[in-house]
Amino acid sequence: MNILFIMYDQLRFDYLSCAGHPHMDTPHFDRVAKMGMRFTNAHTQSPVCGASRMSFYTGRYASSHGAQWNGFPLRIGEHTLGDHLRSTGMGCWLIGKTHMKVDAEGMARLGLAPDSIVGARQAECGFDVWVRDDGLWGEGPDGFYDEKRSPYNEFLNSKGYESTNPWADFANAGVKDGEKASGWMFDNADQPANIREEDSETPWLTLRAIDFIDQAEGPWCAHVSYIKPHWPYIVPAPYHAMYGADHVPEAMRDDREREDAHPVYAAFMGNKIAAAFQQEEVRQKVIPAYMGLIKQCDDQLGRLLDHLEATDQMDKTMIVLTSDHGDYLGDHWLGEKDLFHAQSVKIPMIIYDPRAEADVTRGTACDALIEAIDLAPTFVAAAGGTIADHILEGRNLRPWLHGETPEWRDVCISEYDYSSTPMRDVVGVSNRDARLFMVFDGRFKLIHAEGGFRPMLFDLKNDPSEFVDLAKADAHGDEIARLYDHLARWGRRMSQRVTRSDADIDSSRGKSGRRGILPFLKDGTEVPEALTKAYRGPAKQTFVAQSQKKDG
């Protein structure tokens, strides 16, 4: 079986028609949901691109792999999805974005050349690369945000887009009065991108994925990782005009959220991203563009699905649709992601399993507490491998897919390191204390902030919009203590003993005795006679008497 692992960047869980969005029409997402199972309570391990993706790719929590912010290198030697899958005989390929930064110092320390097979995989998050393009080719006074080459920019140049950075000049900019109307400015979000639709980012990556599928010799896992609907919020025609102001929902925010707000939450509500999305005119322009980007993603998904069917590969390809995190879009007085309201930390997750055992769950939804790290062990199991559960911290989803009800986790955890953001300075904490943790049991959501702050607590049964922070008062101490106990137990998890599995430890116990290491014996009768055989019998030579005579 092959695995088509598709990730969309910053796609909200509720901006799909199969998730109940009142205006979005996403028939191809819905098509996969009808073929498979939709997990309605899936959460990212960290609501920021880099840390989230490293958790997907390692199957480990952010505090386990350590790459907790964009640009934090994934340390050399960390086991990745590619390592686990290749041990089963399955290739693991990247097509698109990872947001991974190489641990160059670690590679140099160990003498790993980046152009060797092992070095190249270490430098690319364990993937073999079909094409990598992280899709943010910003350019400023100090140069480019991303210092690598851009295959997408090279493609645009080959298509006649004359620019040193056609990503910025065409794919993510419109035209107003003959001038560039950059997608970096929200005022331009309603403009069509100045590019032929078939040359824009999402169709380009879809074509690269089809090229891969056509030449691949299986079994393979292809991680098709789209940059969209991530900002800049601008989309080519006709998608720029498919949605308008009448499709923009009222912002989900409440004045109670700003009253005696938690200091960290207040800091994020006061940043420039939030300030922009608190303006209704920004929402009125950005959200239709965001919806247009999603609609284009759905159309390109249809293109991929049709290709699998046309090449008779649908019945042997597991398909996974997900996102690294969501997008506030002005809800809770916020923009972007970063915190732990559902708009940010919940992610879409739809899985089509072609095996007959999954027939019983086709077209159904599952509300179990799912974490992003669950995909890695699910893929290993699908590839016929043994799940290295001393390394992989997620759980195999196969029982849910096959209609079983397994014993499952009581809470899900998400983490956020905001030490690189201006908000750390606003709240006045050190780099090491600029950390947040979410514990969610399906009803109550606790958010802990390091640095001596009080927690936040939400009851999603009575307050599904997450407007009322119950920790402002003293009436819910028992719930807070209970969730803190879950966090403490999670914090004591075994997460770093990755070189020895439980089976390794069990099989090694007692072996030293059979190899002659027998300390703490009084007379030898405490152990089987076979273990002391080498230490009994006539002496080979006698030096003791000679030593005694000499001493006398």
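Our subject is the structure that appears above.
Residues numbered from 1 in each chain as written. Predicted model: local features only at pLDDT ≥ 70, side-chain atom pairs only at ≥ 80, totals over all residues. Heavy atoms only, no water.

**Q** Mind showing me how you'd approach the pattern of salt bridges here?
**A** Opposite charge on two side chains allows them to pair when their charged atoms are near. Per the counting criterion, the structure on display carries 41 salt bridges. A salt bridge links Asp254 to Arg256, with the nearest nitrogen and oxygen atoms 2.9 Å apart. Between Asp485 and Arg489 there is a salt bridge, with its nearest N and O atoms 3.0 Å apart. Taken as a pair, Asp485 and Arg489 lie in helix H17 (residues 477–491) at a separation of four residues, close to a single helical turn. Take Asp485: its relative accessible area is 37%, and that puts it in the partly exposed class. Residue Arg489 is classed as partly exposed on the basis of its relative accessible area of 42%. (Salt bridge = Lys/Arg side-chain N within 4 Å of Asp/Glu carboxyl O. Helix = DSSP H or I, 4+ residues; strand = E, 2+ residues; numbered from the N terminus. Buried < 20%, exposed > 50% of the residue type's maximum accessible area, 1.4 Å probe, protein only.)

**Q** Would you mind going over the packing of helix H1 (residues 27–35) against helix H12 (residues 280–310) with me for this structure?
**A** The axes of two packed helices give the description: the angle between them and the distance between them. At a minimum axis distance of 7 Å, the contact between H1 and H12 shows a crossing angle of 50°. In this view, H1 runs oblique relative to H12, as classed from their interaxial angle. Of H12, the residues touching H1 (which contributes Pro27, His28, Phe29, Arg31 and Val32) are Lys295, Asp298, Asp299, Leu301, Gly302, Leu305, Asp306 and Glu309. Of the residues in the contact of H1 with H12, the class split is five nonpolar, two polar and six charged. (Axes fitted to C-alpha atoms, helices over the stretch in contact; angles between N-to-C directions. Parallel < 35°, antiparallel > 145°, perpendicular 65-115°, else oblique. Contact = heavy atoms within 4.5 Å. Nonpolar A, V, L, I, M, F, W, Y, C, P; charged D, E, K, R; others polar.)

**Q** Got a minute to help me understand the pairing of strand E1 (residues 2–8) in this structure?
**A** Counted residue by residue, E1 has seven buried out of seven residues, so it is predominantly covered. Both faces of E1 are covered, namely the face carrying Asn2, Leu4, Ile6 and Tyr8 and the face carrying Ile3, Phe5 and Met7. Of the pairings in the sheet, the one linking E1 to strand E11 (residues 317–323) comprises seven bridges and is parallel in character. Its bridge partner lying in E11, Ile6 is registered against Leu321. (Pairing = 2+ DSSP bridges.)

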